[in-house]
Amino acid sequence: MKFLPSKLQAAANLYWGHVDNSTLAAMTNLNDPTTYKLYRKFANTRHDVGLGANDGEWTALQLGLKPLIREIVPAARWESTRKQIETTGLFTASYPLTISEDWLDGYTCDSDARTHRENRVNQGDHKPEDPYVFRVDSRVPENQRLLTYIGWDRDRLHQAVELDQQLLAYAYTTMERELMTKLGNLLGYPSCCVQAYVSLDRIYRNHSIIGQSTRASDHFEPLLNNLSLTFFHYIGWFPCRYDCPESFVYAQQIDTKLAQTHTSSRTILLNILSLTRLYWDDRRQVLFVNGAPGSENTYTDFLTPFALDRNVDSAYFDWVFFYDVGKTLLEGNRWEITEQRCLIYNDEQLVGDIGPAPLVLEFGKKKSETLKNT
């Protein structure tokens, strides 16, 4: 791979806040054995399960589990895609403006809202907690995506689009919770999960709702693992907890269908969804391949979201993260979370840390006693 210096620098600046030339040089020095090993692992590790990110949503629609689905699609391909979908008897509707997705924190806004936020930053007319000023970077392209709805009921689709437009207009006001509740119900999400989502103030980071759900969980069910929405997921909403009974019943029905139609893919998929995850944000995640049975918090290998989705938009940022944490993870075989940090050990010897304490989701297990209050 030929690194593009401007893209690497922008990604490193976003990751660290600033970066010097020596650090950039180290990240691209493939003559260094550690850097070369990390890069080969980053570039060559790929888990393709043969299922698209939204295939779970489409399966639910076909099974009648969901009344409609909400998708963000490339604007250039929407017209041909729309015609193909409508030949199957489904209806479609789309939001009138192009959408910008924040791949780091999951925040979505339309082009008008983005311009509004950028103007507020440039004019200095904001407070640090202002929800409209959210890591605005005009170098990040809009990518010309559209927010679309697909379903069996034309009126329901247009109601959903109208609610999305109202949500933008009334964002962060007292009306927001009412509108979000209506939209969640319209999309067929479990009411307990809708209420958990709308209970949070200023929801513009996925970390907020994932943190709330993590703290509420006693068990982390792999079928409810939606930590990588750009990879196959059984549910398209944030569960109120990762052992939510209503969400689990829904996911089981999709899983039963996959067992019939994608037997081998499902086996690989469940192995991946059952890995323990450390979560800082949508791109900064570590997935641990577990160590020996009975060995607490040990690992034999590690992945990051790039191995699952090969997301081109975030590839440089993903490499910076992988380089930063990978050097330490290669030396260790056990992780430990304190109140402040995520520590990595080789057996009993501390080899370093990989950042502030993340959210810990041990899918397939009950919550560890040490994590119940974190």
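Everything quoted here is computed from the prediction, not taken from an experiment.

**Comments concerning the overall build of the protein chain**
Phase 1: Along its length, the protein chain carries 14 helices and 11 strands.
Phase 2: Across the 374 residues that make up the protein chain, the buried fraction comes to 49%.
Phase 3: If you sum the accessible surface of the protein chain, you get close to 18,000 Å²; carbon and sulfur atoms cover 49% of it.

**What to know about the confidence of the model for the protein chain**
Phase 1: Chain-level statistics for the protein chain give a pLDDT mean of 85 and a share of 83% at 70 or above.
Phase 2: Across the protein chain, helix 11 (residues 245-261) holds the top mean pLDDT of 97, while helix 6 (residues 111-122) sits lowest at 49.
Phase 3: For the stretch residues 116-142, pLDDT sits under 50, and the model shows 47 contacts to residues farther than four places along the chain or on other chains.

**Section: the state of the cysteines**
Phase 1: Tallying each qualifying case throughout the model produces 0 disulfides.
Phase 2: As a non-bridged cysteine, cysteine 244 has cysteine 192 as the owner of its nearest cysteine sulfur, 3.7 Å distant.
Phase 3: On the accessibility criterion, cysteine 244 (1% relative accessible area) is buried.

**Quick notes on the environment of glycine 184**
Phase 1: The residue glycine 184 is located in helix 8 (residues 175-186) in this model.
Phase 2: Taking the relative accessible area as the measure of exposure, glycine 184 reaches 6% and is therefore buried.
Phase 3: Setting aside chain neighbours within four positions, we find glycine 184 in contact with Tyr189 and Val194.

**Structural notes on the packing of helix 11 against helix 12 (residues 263-273)**
Phase 1: Running from N to C, helix 11 and helix 12 point in directions that differ by 130°, and their axes come no closer than 6 Å. Between helix 11 and helix 12, the angle is such that the two are oblique. Across from Asp255, Leu258, Ala259, Gln260 and Thr261 in helix 11, the residues of helix 12 making contact are Thr263, Arg266, Leu269 and Leu270.
Phase 2: For the contact of helix 11 with helix 12, the class distribution of residues is 4 nonpolar, 3 polar and 2 charged.

**Regarding the sheet that holds strand 7 (residues 299-303)**
Phase 1: Strands sit in the order 7-6-5-11 across an open sheet of 4 strands; the sheet is antiparallel. The open sheet terminates on both sides in strands that have one partner only, identified here as strand 7 and strand 11 (359-362). The average angle at which neighbouring strand axes cross in this sheet is 20°, direction not considered.
Phase 2: Here 4 bridges tie strand 6 (residues 285-290) to strand 7, and the two strands are oriented antiparallel to one another. Residue pairing across strands places valine 289 opposite aspartate 301, the latter belonging to strand 7.
Phase 3: Against the sheet, helix 10 (residues 206-216) makes contact with strand 5 (276-279) and strand 11, and its axis sits at roughly 55° relative to strand 11, the strand it touches most.
Phase 4: Sheet contacts for helix 14 (residues 315-331): strand 6 and strand 7; angle to strand 7, the most-contacted strand, approximately 175°.

**Remarks on the packing of helix 3 (residues 33-44) against helix 14**
Phase 1: Here helix 3 crosses helix 14 at 125°, and the two axes come no closer than 10 Å. Considered as vectors, helix 3 and helix 14 are oriented oblique to each other. Every pair of crossing elements has a handedness; the one defined by helix 3 and helix 14 is right-handed. Along the contact surface, helix 3 presents Thr34, Thr35, Lys37, Leu38, Tyr39, Lys41 and Phe42, while helix 14 presents Ala315, Asp318, Trp319, Phe322, Tyr323, Gly326, Lys327 and Leu330.

**Observations concerning empty space enclosed by the protein**
Phase 1: Taken as a whole and assessed by the stated rule, the structure comprises 2 cavities of 30 Å³ or more.
Phase 2: Estimated volume of the second largest cavity: approximately 40 Å³.
Phase 3: If you trace the second largest cavity, you find it lined by Lys41, Phe42, Thr45, Phe302, Leu303, Thr304, Phe306, Ala307 and Phe322.
Phase 4: Within the residue set of the lining of the second largest cavity, elements represented by two or more residues are helix 3, strand 7 and helix 13 (306-309).

**Points about the pairing of strand 8 (residues 334-337)**
Phase 1: Bridge analysis of strand 8 against strand 9 (residues 341-346) gives 4 bridges, and the strand direction is antiparallel. Following the sheet pairing, isoleucine 337 is matched in strand 9 by cysteine 342.

**Looking at the sheet that holds strand 9**
The pairing of strands in a sheet comes from backbone hydrogen bonds and takes either a parallel or an antiparallel form.
Phase 1: With antiparallel pairing, the 3 strands of this open sheet are ordered in space as 8-9-10. Edge strands, defined here as strands with exactly one partner in the open sheet, are strand 8 and strand 10 (349-356). Strand-to-strand twist in this sheet, taken as the mean axis angle between neighbours without regard to direction, amounts to 25°.
Phase 2: Along the sheet, helix 14 contacts strand 9 and strand 10; its crossing angle with strand 10, the most-contacted strand, is approximately 155°.

**Some points on the nonpolar core**
Phase 1: One finds Tyr149, Ile210, Tyr234, Tyr242, Leu269 and Leu361 to be the most contacted residues of the largest nonpolar core, which totals 57 residues.
Phase 2: Sort the elements by how many residues they give to this core and helix 7 (residues 154-169) lands first, with 5 residues.
Phase 3: In this structure tyrosine 149 touches Leu68, Ile69, Arg70, Phe91, Thr92, Ala93, Leu157, Ala160, Val161, Asp164, Leu183 and Leu187, once residues within four positions along its chain are discounted.
Phase 4: Membership of the second largest hydrophobic core comes to 35 residues, among which are Val286, Ala315, Tyr316 and Tyr323.

**Quick word on the pattern of salt bridges**
Phase 1: By the definition in use, this model includes 16 salt bridges.
Phase 2: Its salt-bridge partner being glutamate 57, residue lysine 66 comes within 3.1 Å of it at the nearest N-O pair.
Phase 3: The partner of glutamate 348 in a salt bridge is arginine 334, and the shortest N-O contact between them spans 3.6 Å. Within this pair, whereas glutamate 348 is found in the loop between strand 9 and strand 10, its partner arginine 334 is found in strand 8, the two being separated by 14 residues in sequence.
Phase 4: Residues joined by salt bridges that share partners form a network here, namely Glu79, Arg82 and Glu86.

What counts, and at which threshold
Residues numbered from 1 in each chain as written. Predicted model: local features only at pLDDT ≥ 70, side-chain atom pairs only at ≥ 80, totals over all residues. Heavy atoms only, no water. Helix = DSSP H or I, 4+ residues; strand = E, 2+ residues; numbered from the N terminus. Buried < 20%, exposed > 50% of the residue type's maximum accessible area, 1.4 Å probe, protein only. Areas by Shrake-Rupley, 256 points an atom, 1.4 Å probe, with all protein chains shown as cover. pLDDT = per-residue confidence, 0-100. Contact = heavy atoms within 4.5 Å. Disulfide = S-S within 2.5 Å. Axes fitted to C-alpha atoms, helices over the stretch in contact; angles between N-to-C directions. Parallel < 35°, antiparallel > 145°, perpendicular 65-115°, else oblique. Nonpolar A, V, L, I, M, F, W, Y, C, P; charged D, E, K, R; others polar. Pairing = 2+ DSSP bridges. Left-handed = near helix turned anticlockwise from the far one by under 90°. 1 Å grid on protein atoms, 1.4 Å probe; cavity = no way out; pocket = protein on both sides within 12 Å on 5 of 7 lines; lining within 4 Å. Points joined across faces, edges and corners; volume = space filled by probe spheres on them. Core = buried A, V, L, I, M, F, W, Y, C linked by side-chain atoms within 4.5 Å. Salt bridge = Lys/Arg side-chain N within 4 Å of Asp/Glu carboxyl O.

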